[in-house]
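Residue-level listing of the chains:
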Amino acid sequence: MPELVYPPVIAAAQTMFRVLDLKITIEGAHHVPRTGGAVLASNHVSYLDFIFCGLGARKSKRLVRFMAKKSVFTHRISGPLMRAMRHIPVDRRAGSGSYVEAVTALRRGEVVGVFPEATISRSFTVKHLKSGATRMAQDADVPVLPVALWGTQRLWTKGRPRTLSRRHTPISILVGEPMDPAAYPDANAMNTDLAERLSTLVDRAQREYPESPAGPDDNWWLPAHLGGGAPTPAEAAVLDRS
């Protein structure tokens, strides 16, 4: 099926990146296979993460099919675009259909993007990972690549106003080494290793980030363990429940 919508959307996004002069750094893009199925499993700190996670696959000329909640597909603006780009809707009340669709896409050689935390992390640390990413990788016999994103939360995240016109913001995209499902006894063991690898990548992205908060009023985007004003994981859990 020809890609009539996805390439123009990418071009529009890249034009916006240039207009805003975003300082995007991509490391490890060569890990994304040029052919065959793969799962990109990313941390989640921003509503824009799917854009930047997908950008990590552009060097390999791959288009990523992201799994996203069903409401995004029924929205009058985002819905037509998401459907035209052949992303995968997730109905959390009946997730088996989206799981089968993702595994089918992987088996036919697609790259599928997943946010295994299932929701944005308010603490900006890696939350408990759902096992769907590793289960589908094992079922389809394809690798999983951890992807760490950092800086995207400064543009638009949960509980903060959107600052989509913010200029010169550094954005870090770190793509980790592929994880071969054959090296693990089961999906749970693979998921445990994925969580460790993803946490290590995110921590490095945070510590190597080229900017610091401008002052006490600007430290909200740093995690608490690095001296920032974000809620701790325990505080974030309370906020999520409320």
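Residues numbered from 1 in each chain as written. Predicted model: local features only at pLDDT ≥ 70, side-chain atom pairs only at ≥ 80, totals over all residues. Heavy atoms only, no water.

The next point concerns the overall build of the chain. The number of helices and strands found in the chain is 8 helices and 7 strands. Over its C-alpha atoms the chain spans a radius of gyration of 17 Å, differing by no more than 12% from the 18 Å that the globule rule assigns to 242 residues. Within the chain, the proportion of its 242 residues that are buried is 47%. Contacts spanning at least 24 positions in sequence make up 73% of the contacts within the chain whose residues lie at least 6 apart. For the chain, the accessible surface area stands at approximately 11900 Å², while carbon and sulfur atoms represent 55% of it. Measuring between centres, the 31 positive side-chain charges of the chain sit 8 Å from its 22 negative side-chain charges. (Helix = DSSP H or I, 4+ residues; strand = E, 2+ residues; numbered from the N terminus. Rg over C-alpha atoms; globule rule 2.2 N^0.38 Å. Buried < 20%, exposed > 50% of the residue type's maximum accessible area, 1.4 Å probe, protein only. Contact = heavy atoms within 4.5 Å. Areas by Shrake-Rupley, 256 points an atom, 1.4 Å probe, with all protein chains shown as cover. Lys, Arg positive; Asp, Glu negative; His and termini not counted. Charge placed at Lys NZ, Arg CZ, Asp CG, Glu CD.)

What follows is about the side chain of Ser-98. You can see Ser-98 is positioned in helix H5 (residues 96-107). Non-local contacts of Ser-98, meaning those with residues more than four positions away in its chain, are made with Met-67, Ile-88, Pro-89 and Val-90.

Here the focus is the packing of helix H6 (residues 132-140) against helix H7 (residues 187-207). Where H6 contacts H7, the axes come no closer than 8 Å and their chain directions differ by 125°. For the element pair H6 / H7, the angle class is oblique. Read as a crossing pair, H6 and H7 show a hand that is right-handed. Contact residues: Thr-134, Arg-135 and Gln-138 in H6; Ala-187, Met-190, Asn-191 and Leu-194 in H7. A breakdown of the residues in the contact of H6 with H7 according to their chemical character gives 3 nonpolar, 3 polar and 1 charged. (Axes fitted to C-alpha atoms, helices over the stretch in contact; angles between N-to-C directions. Parallel < 35°, antiparallel > 145°, perpendicular 65-115°, else oblique. Left-handed = near helix turned anticlockwise from the far one by under 90°. Nonpolar A, V, L, I, M, F, W, Y, C, P; charged D, E, K, R; others polar.)

We now examine H6. Owing to its 3.6 residues per turn, the α-helix aligns residues three or four sequence positions apart on the same side. All of the buried residues in H6 are Gly-132, Ala-133, Thr-134, Met-136, Ala-137 and Ala-140. In this fold, the buried residues of H6 make contact with strand E2 (38-42), strand E3 (64-69), H5, strand E5 (111-114), strand E6 (144-150) and H7.

What follows is about the pattern of salt bridges. This structure, assessed with the given rule, holds 13 salt bridges. Salt-bridge contacts for Glu-3 lead to Arg-86; the nearest nitrogen and oxygen are separated by 2.8 Å. Of this pair, Glu-3 sits in the segment before helix H1 (6-20) while Arg-86 is found in the loop between helix H4 (78-84) and strand E4 (88-90), placing the two residues 83 residues apart along the sequence. Taking relative accessible area as the criterion, Glu-3 reaches 23% and is therefore assigned partly exposed. Close ionic contact of Asp-21 with Lys-23 constitutes a salt bridge, the shortest N to O distance being 2.8 Å. According to the relative accessible area criterion, Asp-21 is partly exposed, its value standing at 26%. Note on Lys-23: relative accessible area 40%, which makes it partly exposed. (Salt bridge = Lys/Arg side-chain N within 4 Å of Asp/Glu carboxyl O.)

On to the sheet that holds strand E1 (residues 23-27), then. The mixed open sheet is built from 7 strands, whose spatial order is E1-E7-E6-E2-E5-E3-E4. If you trace the sheet from one side to the other, it starts and ends with E1 and E4, each paired once. On average, each strand axis in the sheet is inclined to that of its neighbour by 20°, with strand direction left out of account. Relative to strand E7 (residues 170-175), E6 is paired through 4 bridges, and the arrangement is antiparallel. Bridge pairing in E7 places Val-147 opposite Val-175. In the packing of H6 onto the sheet, the strands contacted are E2, E3, E5 and E6, and the crossing angle to E2 comes to about 170°. Of the strands in this sheet, E1, E2, E6 and E7 touch H7, which is tilted by about 30° from E6. (Pairing = 2+ DSSP bridges.)

Just distances and angles here, no functional claims.
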